[in-house]
Amino acid sequence: MIPSGLVALSSTVFCVSVIRLSRHKTLAQDLYCIETLARVDVLCLDKTGTITEGTMDVNSIEPVKNRDEAQIKQIIKNVTSALEDNNATINALRAFVSDLQTSGNVEQTVPSSSARKWSGARIDGVSYVIGAPEFVFKKKTKSLEKTTDEMAQKGYRVMVVASSKNKFNESDLPSGLKLESFVYITDKIRAEAPDTLRFFKQEGVTVKVISGDNPETVRAVAMRAGLENCDNIIDMSTLKTEEEVYEAATKYTIFGRVLPDQKLMLVKALKKAGHTVAMTGDGVNDVLALKEADCSVAMASGSDAAKNVSSLVLLDSNFSSMPRVVAEGRRSINNLERSAALYIMKTVYNTLLALLFMVVTVPLPFTPQNLTIMGAVTIGMPSVVLALEPNADRVTGRFLPKVLSNALPGGITVMLGAIAVILCNKFFLTNLADAQSQTVFIWVITFVLSTLSATSSPDFAPGARSFCVASPVTTTFEPKPIRVRNIFICAGVVFCASSSMINALSSVRPLMYARGATSIRPFSMLRWKLSAPII
């Protein structure tokens, strides 16, 4: 009565899915993350490295009055050479001034962090800071705010270069900072990003963009990538309490100036709201959120910490692999539900038959050997083929209730077949021996199970599926073409059932020869009562 084959089948299906994903440059570090991703209804994306390519270019610089471009470039060269940071922004600045030589004596450095949003160095008695305007200047002037907003709306990442005669106070900004120049940086949108975002929209998955950049910049990038509801944005630096973050999680689509702990709170809030959340990221600041998400996806080009905690790693750092991963998860779960229904159906009818023959005073019409061979040819082999069928339908509902609701009708049908055989023996075929009743019973049960197995195929003809009222698959009346593979499935099931019947019929031969028969004719065979079981 235990569906022992279901455990092996589930592991096999997930292993096959992992192998298939590897062909699409995707490494699955958790065997069961495929099921989770198939059920995801909210996808949180990190802008850098996901929607964009993860590399940046300095588009231009805009020095203030009394400063020329050459001076600003030399400052950028000196500061970036003094720092040991290795992120997309610093690398873009280094590439922009790669033709210059470093000068000056470095006295102090402050590395960048996702919390500070700036970095700096003190060179030849002057402290220089490069970072986000709203974090470098706590009190923004109207001209600074106007320039930042205008360029952010155009999709530029706005940075400022500032200087001060005062020293850094450990990791705090020096006092008396003055603006030296604006730096405008652009992100490269991935060519496949619009198609990928469109796929998730069609599949009913809500996409949210979480980034540490200016909200207007993130909005412009998301619009270029084809994301909808881009006007639904919020600056997370304006939220002070955890309650405000939890409220904003379900309300907004684009989140800018997000701190690492706020990313974690956003994921927790979405899960608390009843969503299944997937999170993509590539930086150390994404680790907390990646660990909290139901399914985490990292880029191979990202940090080692992000890759170690993620369930999936995109080896080519290509966001376009996500639809294939989702489709593979849906194929595995949907087909496992069908196969599991067959195994649970076997458990159901075995239990019902055991209870039935505890009440009915007739011999048990089967042996364990009979059930083993019937289960092998009508459930075991078909379930393996069904589990590998293509299937991209959305995963809905809970696994166990769906499987039980699909398995119960089939199990009850088998029991009704057994009751029909008992009644037939009792009132119509009263001269049938026990061995003959056993053979008839096995014929009936094998036929019923074969029909249920055949109609479990996702693309089986709707007419045939609706004919069997106890099919473990919900009847759909939308015509679908029958694949060649499904024809072989049905042919295999019919062959197995036919083999069982032929085996039973062949047991008549010794009895007929014992009664003096010299040959076996099909019509005369029907007049003989069957005398032996299959096994």
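All of these numbers come straight from a predicted model, not from anything done at the bench.

Okay, the layout of surface pockets next. Volume-wise, the largest pocket comes out at about 1,200 Å³. Mapped onto the lining of the largest pocket, the elements with two or more residues apiece are helix 3 (47-51), strand 3 (52-63), helix 5 (88-96), strand 5 (118-123), strand 6 (126-131), helix 6 (133-136), helix 7 (142-153) and strand 7 (157-164). Residues of the lining of the largest pocket, tallied by class, amount to 14 nonpolar, 23 polar and 11 charged.

Note on sheets: strands pair through backbone hydrogen bonds, and any given pair is parallel or antiparallel. The sheet built from six strands is open, its strands ordered 3-8-7-6-5-4 with antiparallel pairing. The open sheet is flanked by strand 3 and strand 4 (106-110), the only strands paired with a single partner. On average, each strand axis in the sheet is tilted by 20° relative to the strand beside it, whichever way the strands run. With six bridges joining them, strand 5 and strand 6 adopt antiparallel strand pairing.

Another aspect to go through is unusual backbone geometry. For asparagine 66, which is not glycine, the phi dihedral falls at a positive 70°. For asparagine 66, the position within the fold is in the loop between strand 3 and helix 4 (69-82). Residue classification places asparagine 66 among the exposed positions, given a relative accessible area of 81%. Positive phi, close to 55°, is recorded for arginine 257, a residue that is not glycine.

The subject of this paragraph is a negative patch on the surface. A surface patch of negative charge is lined by Glu242, Glu243, Glu244 and Glu247. Within the secondary structure layout, glutamate 242 lies in helix 10 (residues 242-249).

Core analysis: the biggest nonpolar cluster contains 35 residues, and Leu37, Leu43, Ile51, Phe200, Leu312 and Met322 have the highest contact counts within it. Setting aside residues no more than four positions away along its own chain, leucine 312 makes contact with Leu21, Thr26, Leu27, Ala28, Cys33, Leu37, Cys295, Ser296, Val297, Ala298 and Val325. If you look at the next biggest cluster of nonpolar residues, it comprises 33 residues, including Leu6, Leu9, Tyr343 and Ala407.

Right, let's get into the packing of helix 10 against helix 11 (residues 260-272). Between helix 10 and helix 11, the shortest axis-to-axis distance is 8 Å and the interhelical angle comes to 60°. Between helix 10 and helix 11, the angle is such that the two are oblique. The handedness of the crossing between helix 10 and helix 11 is right-handed. Residues Glu242, Val245, Tyr246 and Ala249 of helix 10 form the contact with helix 11, whose participating residues are Gln262, Met265, Leu266, Lys268, Ala269, Leu270 and Lys272. Across the contact of helix 10 with helix 11, the residue classes break down as seven nonpolar, one polar and three charged.

Further remarks concern the sheet that holds strand 13 (residues 295-299). Taken in spatial order, the eight strands make up an open sheet running 1-14-13-12-2-9-11-10, and their pairing is mixed. Looking at the sheet topology across the chains shown, the edges are occupied by strand 1 (26-28) and strand 10 (233-235). Averaged over neighbouring strand pairs, the angle between their axes works out to 20° when direction is ignored. In terms of strand pairing, strand 9 (residues 206-210) meets strand 11 (residues 254-256) through two bridges, oriented parallel. The residue of strand 11 that forms the bridge with valine 209 is isoleucine 254.

Rules and cut-offs
- Residues numbered from 1 in each chain as written.
- Predicted model: local features only at pLDDT ≥ 70, side-chain atom pairs only at ≥ 80, totals over all residues.
- Heavy atoms only, no water.
- 1 Å grid on protein atoms, 1.4 Å probe; cavity = no way out; pocket = protein on both sides within 12 Å on 5 of 7 lines; lining within 4 Å.
- Points joined across faces, edges and corners; volume = space filled by probe spheres on them.
- Helix = DSSP H or I, 4+ residues; strand = E, 2+ residues; numbered from the N terminus.
- Nonpolar A, V, L, I, M, F, W, Y, C, P; charged D, E, K, R; others polar.
- Pairing = 2+ DSSP bridges.
- Axes fitted to C-alpha atoms, helices over the stretch in contact; angles between N-to-C directions.
- Buried < 20%, exposed > 50% of the residue type's maximum accessible area, 1.4 Å probe, protein only.
- Patch = residues over 30% accessible without salt bridge, like charges linked within 9 Å, V, L, I, M, F, W, Y side chains within 5 Å.
- Areas by Shrake-Rupley, 256 points an atom, 1.4 Å probe, with all protein chains shown as cover.
- Salt bridge = Lys/Arg side-chain N within 4 Å of Asp/Glu carboxyl O.
- Lys, Arg positive; Asp, Glu negative; His and termini not counted.
- Charge placed at Lys NZ, Arg CZ, Asp CG, Glu CD.
- Core = buried A, V, L, I, M, F, W, Y, C linked by side-chain atoms within 4.5 Å.
- Contact = heavy atoms within 4.5 Å.
- Parallel < 35°, antiparallel > 145°, perpendicular 65-115°, else oblique.
- Left-handed = near helix turned anticlockwise from the far one by under 90°.

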